[in-house]
Amino acid sequence: MKAYAIGGYKEPVTLHDLPEPVAGQGEVLVAIAASSVNPLDSRLQSGAFKAILPYEMPLILGHDLAGTVVAVGPGVIQFKAGDQVFACAGNGRIGTFAERIAIAEKDLASKPIGLSMLEAAALPLVSLTAWQALVERAQLRSGQRVLIHAGSGGVGTVAIQLAKHLGAQVATTVGTANVGLAKELGADVVMDYRKEAFEERLNGYDVVLNTLGPDVLEKSLKVLKPGGKLISISGPPDPAFARLIGANWIVRQVMRLGSLKVRRSARRRGIDYSFLFMRPDGAQLSEIAKLVDAGTIRPVIDQEFDFDATPDALERSASGRARGKVVIRIAADGAVGRPDV
Ligand SMILES: NC(=O)c1ccc[n+]([C@@H]2O[C@H](COP(=O)([O-])OP(=O)(O)OC[C@H]3O[C@@H](n4cnc5c(N)ncnc54)[C@H](OP(=O)(O)O)[C@@H]3O)[C@@H](O)[C@H]2O)c1
């Protein structure tokens, strides 16, 4: 099958002809109709995660998919050939910039009925990230106040909508061109990061979802009240995360020291700092699909690319300027031909 992969870290993403995947125990073979790009894809390509996510080469990039079930492996009960699904592929088992993938049944969910394949492929990784940050980790409740950084990004566009659904008051930081988008998505306080210092305007917040660098992370502490939660998905990883992934001693020390400054500053203010690395979860994705079909959450698409322009799609995402998600059309009609299995 055709797939976009790297032959080694820091190497360009090129088209490869690779062996057909086969659905093993508990796995589902999906013909991928569409995918979307996440900043994680280019960071994997650069080798930034090789200490915690060891992959064999060639490595097919891509986490998100929407597509049609072609075959199921032994033990699969929830899905059958012909079902339309979407998913974020598990760390260690990624590879959705490809015609087909064998993916764990537990990572899959039925595609929202009201979305095209391209729209559905825009959601899995970012919506699971938003869910795990706001619902699971922050336990955000009605009436609480949350600051979501980069409200125009892949994660931010979904996080704003989810936080509003949970009844929170939402502030967000965006660039000038995206102020209108953030308001349309429901944000109550929209700050243009090029014109306004968020840390001077906001205070007494319950939760901050940080998607940006160390400078923004440090300033975010100032807007939180004692007992508040600073959840960062852009680092630095903390000792709890090192334990969660069973990191070796060296990696544990790197994470402990790398997060020392923010953890100390947070502790002084009575704030809980934590790093979150999302995980695939088909059950959570099914809950998200219900919100999509109810009209509560919609995907925001920055740009569409054809499969043969996958390297351009990665470049667009890596620019850091995407407004919502960069999506890739892998099959022309969303129902690719059945492979020989
Ligand atoms: N740990 C995890 O599990 C996890 C999961 C998902 C993502 N992430 C990480 O989280 C970060 C965000 O991911 P994403 O997919 O949302 O990224 P993205 O879609 O690439 O974000 C791009 C957006 O960020 C905005 N932006 C850039 N600088 C900004 C600033 N200083 N203030 C406010 N907005 C700014 C840009 O708006 P302008 O063009 O107007 O600047 C653009 O709309 C990335 O670092 C990613 O690797 C981590």
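No experiment lies behind these values; they were computed from the predicted model shown. (Residues numbered from 1 in each chain as written. Predicted model: local features only at pLDDT ≥ 70, side-chain atom pairs only at ≥ 80, totals over all residues. Heavy atoms only, no water.)

Student: Whenever I open this one, the domain arrangement of the protein chain confuses me. Can you help?
Tutor: Where the parts come together, the accessible area they lose is often given as the size of the interface. The domains assigned to the protein chain are domain 1 (2-123 + 299-329) and domain 2 (125-275). Contact with domain 1, which involves 15 residues of that partner, is made by 19 residues of domain 2. Between domain 1 and domain 2 the total buried area reaches about 1200 Å² when both faces are included, carbon and sulfur atoms providing 62% of it. Among the residues of domain 1 in contact with domain 2, Ile52, Leu123 and Arg323 are the three that bury the most area, contributing 42% of the side total. The interface formed by domain 1 and domain 2 includes zero salt bridges. (Domains from an automatic or database assignment. Contact = heavy atoms within 4.5 Å. Buried area = accessible area lost by both parts, 1.4 Å probe. Salt bridge = Lys/Arg side-chain N within 4 Å of Asp/Glu carboxyl O.)

Student: What should I look at first to understand the pattern of salt bridges in this one?
Tutor: Where charged atoms from two side chains of opposite charge come close, those side chains can pair. Under the defined criterion, the tally for this structure stands at 19 salt bridges. Arg279 is paired through a salt bridge with Asp281; the nearest N and O atoms lie 3.5 Å apart. Classification of Asp281 by relative accessible area gives buried; the value is 17%. Glu287 is the salt-bridge partner of Lys290, the closest N and O atoms lying 3.0 Å from each other. On the criterion of helical spacing, the pair formed by Lys290 and Glu287 is a turn pair, its members being three residues apart in helix α11 (residues 282-293). The network of salt bridges with common partners includes Glu20, Glu99 and Arg100. (Buried < 20%, exposed > 50% of the residue type's maximum accessible area, 1.4 Å probe, protein only. Helix = DSSP H or I, 4+ residues; strand = E, 2+ residues; numbered from the N terminus.)

Student: Can you help me understand the site of the ligand in this one?
Tutor: Ser152, Tyr193, Met278, Arg321 and Ala322 are the nearest of the 22 residues found near the ligand. Measuring from an oxygen atom of the ligand, one finds a backbone N or O atom of Gly154 at 2.8 Å. Note that an oxygen atom of the ligand is positioned 2.6 Å from one of the backbone N or O atoms of Ala322. Burial of the ligand by the protein amounts to 85% of the accessible area it has alone, namely 940 Å². Put simply, the parts of the chain that give the shell around the ligand at least two residues each are α3 (124-137) and α4 (154-165). The residue makeup of the shell around the ligand, split by class, is 11 nonpolar, nine polar and two charged. Per-domain counts for the shell around the ligand show at least three residues from each of domain 1 (2-123 + 299-329) and domain 2 (125-275). (Near = heavy atom within 4 Å. Polar contact = N/O pair within 3.5 Å; in protein donor to acceptor, adjacent residues only side chain to side chain. Areas by Shrake-Rupley, 256 points an atom, 1.4 Å probe, with all protein chains shown as cover. Nonpolar A, V, L, I, M, F, W, Y, C, P; charged D, E, K, R; others polar.)

Student: Teacher, can you tell me more about the environment of Arg323 here?
Tutor: For Arg323, the position within the fold is in the loop between α12 (310-318) and β16 (325-329). What makes Arg323 partly exposed here is its relative accessible area of 35%. C-alpha separation for the pair Arg323 and Pro124, spaced 199 residues apart in sequence, amounts to 17 Å. In this structure Arg323 touches Ser152, Ala177, Asn178, Leu181, Val300, Ile301, Asp302 and Arg316, once residues within four positions along its chain are discounted.

Student: Which parts of the structure should I look at to understand the packing of aromatic side chains?
Tutor: Aromatic rings in a pair are described by how distant their centres are and how their planes are angled relative to each other. Applying the stated criterion across every chain, the model contains four aromatic pairs. Plain terms: the ring middles of Phe241 and Phe275 are 4.9 Å apart, the flat faces sit at 75 degrees to each other, and that makes the pair edge-to-face. With Phe241 in helix α8 (residues 239-244) and Phe275 in strand β14 (residues 272-275), this pair connects stretches of sequence that are 34 residues apart. Phe275 shares its class with Phe241; the two are buried. (Phe/Tyr/Trp six-rings, centres within 6.5 Å; stacked < 30°, edge-to-face > 60°.)

Student: Sorry if this is basic, but what is going on with unusual backbone geometry here?
Tutor: Trans peptide bonds make up most of the peptide bonds, and negative phi angles are found at most residues other than glycine. Following Met57, the chain continues into Pro58 via a peptide bond in cis, with omega recorded as -5 degrees. By the element assignment, Pro58 lies in the loop between α1 (39-46) and β4 (59-60). Residue Pro236 is reached from Gly235 by a cis peptide bond, and omega for that bond is 0 degrees. Tracing the backbone shows Pro236 in the loop between β13 (224-232) and α8. In this model, Ala150 sits at a positive phi of 55 degrees, which is unusual for a non-glycine residue. With respect to the secondary-structure elements, Ala150 resides in the loop between β9 (145-148) and α4. Under the relative-accessibility criterion, Ala150 is labelled partly exposed at 24%.

Student: Looking at this structure, how should I read the side chain of Asp41?
Tutor: Looking at the secondary structure, you find Asp41 in helix α1. Among the polar contacts made by the side chain of Asp41, one reaches the side chain of His63 at a distance of 2.9 Å. Dropping the residues within four chain positions of it, Asp41 is found in contact with Ser36, Leu61, Gly62, His63, Phe97 and Leu314.

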